[in-house]
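Results of the structural survey
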Amino acid sequence: VLASLPLQMLLYFNAYFSPVWCLAEGMMLQLKYHLLPRHYQFLLVAAFLILSLAEGSRLYLGYVGNLQEK
């Protein structure tokens, strides 16, 4: 079984799109942070960090899994 070329291409383009998304989302978070109540501030920052870490690990595992045919 060979590595999937379409999957590898999607992971490659997503690796370039992810930092752009993270930067844009971080800027929007900064702009509206002071307008939100405390509990929404905490939830928004927690969700942003979890999604950013999950996206990074998803891309890494996708690269490794696809190239090792797992």
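Structure first, text after, so check above.
Let me begin by describing the structure that accompanies this report. Predicted, not measured: the structure shown is a model, and the values here were computed from it.

Tallied over the entire structure, the rule returns one salt bridge. With a shortest N-O distance of 2.8 Å, Glu55 and Arg58 are connected by a salt bridge. Taken together, the residues span about one helical turn, with Glu55 and Arg58 both in helix H2 (residues 38-67) at a distance of three residues.

Here the structure, examined in full by the defined rule, presents three aromatic pairs. Arranged with centres 5.6 Å apart and planes meeting at 70°, the rings of Tyr12 and Phe13 form a pair that is edge-to-face. In this structure Tyr12 comes out as partly exposed when scored by relative accessible area, which is 41%. Residue Phe13 is classed as exposed on the basis of its relative accessible area, which comes to 53%. Note on Trp21 and Phe48: the rings are 6.4 Å apart at their centroids and 35° apart in plane angle, and the pair reads as tilted.

With that settled, the discussion passes to the packing of helix H1 (residues 5-32) against H2. At their nearest, the axes of H1 and H2 sit 10 Å apart, and the two run at 170° to each other. By the angle between their directions, the pair H1 and H2 is classed as roughly antiparallel. Of the residues belonging to the contact of H1 with H2, the class tally is 14 nonpolar, seven polar and four charged.

Rules behind the numbers
Residues numbered from 1 in each chain as written. Predicted model: local features only at pLDDT ≥ 70, side-chain atom pairs only at ≥ 80, totals over all residues. Heavy atoms only, no water. Salt bridge = Lys/Arg side-chain N within 4 Å of Asp/Glu carboxyl O. Helix = DSSP H or I, 4+ residues; strand = E, 2+ residues; numbered from the N terminus. Phe/Tyr/Trp six-rings, centres within 6.5 Å; stacked < 30°, edge-to-face > 60°. Buried < 20%, exposed > 50% of the residue type's maximum accessible area, 1.4 Å probe, protein only. Axes fitted to C-alpha atoms, helices over the stretch in contact; angles between N-to-C directions. Parallel < 35°, antiparallel > 145°, perpendicular 65-115°, else oblique. Nonpolar A, V, L, I, M, F, W, Y, C, P; charged D, E, K, R; others polar.

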